[in-house]
Amino acid sequence: RTTYGDLAAMAVAPGQWVPAGQIVGISGPHLHFGVRLGERYLDPEALFAGLLHQARLIPNGGSG
């Protein structure tokens, strides 16, 4: 399960399936990205290991 904190706006509902590349929200002045397995927090970088070379956040109004 992933969590996003300090969002200015959410573009999805809790529990909604999200395909790759879909906007999930717009960041506030700070962004907290968390990953949990049950109640245990994991290192978010491990989520991207082998899947992406680099995680990217796209600035508001940008496309990459």
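That block above? That's the structure.
Here the structure is a predicted model, which means the values were calculated and not measured.

Draft legend 1. Representation of the sheet that holds strand β2 (residues 25-37). Strand order in the open sheet made by the three strands is β1-β2-β3, with antiparallel pairing throughout. Each edge of the open sheet carries a strand with a single partner, namely β1 (2-10) and β3 (40-42). Strand after strand, the sheet turns through a mean of 40° between neighbouring axes, direction not considered. In the sheet, β2 pairs with β3 via three bridges, with the strands oriented antiparallel. Looking at β3, one finds that Arg36 is bridged to Tyr41.

About the thresholds
Residues numbered from 1 in each chain as written. Predicted model: local features only at pLDDT ≥ 70, side-chain atom pairs only at ≥ 80, totals over all residues. Heavy atoms only, no water. Pairing = 2+ DSSP bridges. Helix = DSSP H or I, 4+ residues; strand = E, 2+ residues; numbered from the N terminus. Axes fitted to C-alpha atoms, helices over the stretch in contact; angles between N-to-C directions.

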